[in-house]
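# Coordinate inspection notes
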Amino acid sequence: MSNEIDKSIDTKVVINGIHAHWREWDRRLWQSFVDGSEPDRNILVDVPDVIKAHPLYEECQPGDEAARLDVETGAYEAIRKVEAGNIVLDIGAHVGYFARKALAAGAWVVAIEPDPRNFRILSRLLIEYPQQLLVYPFAAGESAGLVELHRSLFSTQHHLHQGIGWPGTVQESVTVPQLPVDSIMVSDLGNYDPIAFIKIDVEESELAVLRGLERTLRHARPFVVVEVSVDMPEIAEYMIGLGYTIQVQKHIHQQPAPMVTPAAGLWHCTPKEESPC
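A short tour of the structure in this document, coming up.

## Description of the environment of alanine 139
Positionally, alanine 139 belongs in strand E4 (residues 139–140). With a relative accessible area of 3%, alanine 139 lands in the buried category. What alanine 139 contacts, discounting residues up to four positions off in sequence, is Pro114, Val147, Leu160, Val176, Pro177, Gln178 and Leu179.

So, in structure tokens, the structure goes:
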């Protein structure tokens, strides 16, 4: 009987229910950044049971939107590798959850975030860490130019590619500058040596971002944590070609394991001793 009820629900009603859940999660996450408090990883939002039981809702698993924090938490667990005075690149910085952890560890942080609203919140960290933080309002990519940023209902899901994300979540598109991160490493920082750690979370633009980091990866040999969901074989080939070994962490409760075949997850990329020519 319940299955019949589930299937009878209009898909738009289910999607609206999912959106309501995510909007509330997003609102609370934002508030935690504004307050400077730790985000609640166990946010429960009331959604009617009849919507929760719908196959589309189960497929979407909106309760796992807290996986965003899994990515950030997995990354800042790895930041134990960083020593005070190292430079950390936070690419796709959102509003600064990871950047704040890195700054507190004594690192110098270069944070890159293209969304204007997220960037305003991120910039508030300059009040606490004026000497340790550089913030840039552009999209990281393989080439320089102007690109369309598709702004989602949810601040963690803005993206450059049409057609990703859940139906009806894109609110508007805005034009933002795009630059290869290599271009600011030379002009603003002077040399690559202190760059020890890179975190990348860019909603399916990972390969382009990594290609725009090639000089940095070759010369600085940083540890890289990147959330990967598409282009897995291409990204694996690229990083292995640059002399990196890859471990994949599929969930925060799992330990990173050596990659056998390219798979989605949080990739921990460690440089081998020798950099390829």
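From this point, the narrative continues.
## Digging into the sheet that holds E4
Pairing is mixed across the open sheet formed by three strands, whose spatial order is E4-E6-E5. Each edge of the sheet is formed by a strand with only one pairing partner; in this case those strands are E4 and strand E5 (145–152). Pairing of E5 with strand E6 (residues 170–179) involves eight bridges; the strand directions are antiparallel. Across the sheet, residue valine 147 finds its bridge partner in E6, namely valine 176.

## Quick look at the sheet that holds strand E7 (residues 195–200)
The sheet built from eight strands is open, its strands ordered E3-E2-E1-E7-E8-E11-E9-E10 with mixed pairing. Across the chains shown, the open sheet's two edge strands, defined by having one partner strand only, are strand E3 (133–136) and strand E10 (257–258). Across two bridges, the pairing between strand E9 (residues 244–249) and E10 is antiparallel. Looking at the pairing, glutamine 247 lines up with proline 258 of E10. With respect to the sheet, helix H6 (residues 97–104) is in contact with strand E1 (87–91), strand E2 (108–112), E3 and E7, its orientation differing from that of E1 by roughly 175°.

## A look at the nonpolar core
Counting residues in each nonpolar core, the largest one holds 36 residues, and the members touching the most others are Leu89, Ile91, Ile200, Leu217, Met239 and Trp267. Ranked by the residues each element gives to this core, the list is headed by helix H12 (residues 232–241), at five residues. Core analysis: the second largest hydrophobic core is formed by 22 residues, Ile79, Leu103, Leu133 and Leu266 among them.

About the thresholds
- Residues numbered from 1 in each chain as written.
- Predicted model: local features only at pLDDT ≥ 70, side-chain atom pairs only at ≥ 80, totals over all residues.
- Heavy atoms only, no water.
- Helix = DSSP H or I, 4+ residues; strand = E, 2+ residues; numbered from the N terminus.
- Buried < 20%, exposed > 50% of the residue type's maximum accessible area, 1.4 Å probe, protein only.
- Contact = heavy atoms within 4.5 Å.
- Pairing = 2+ DSSP bridges.
- Axes fitted to C-alpha atoms, helices over the stretch in contact; angles between N-to-C directions.
- Core = buried A, V, L, I, M, F, W, Y, C linked by side-chain atoms within 4.5 Å.

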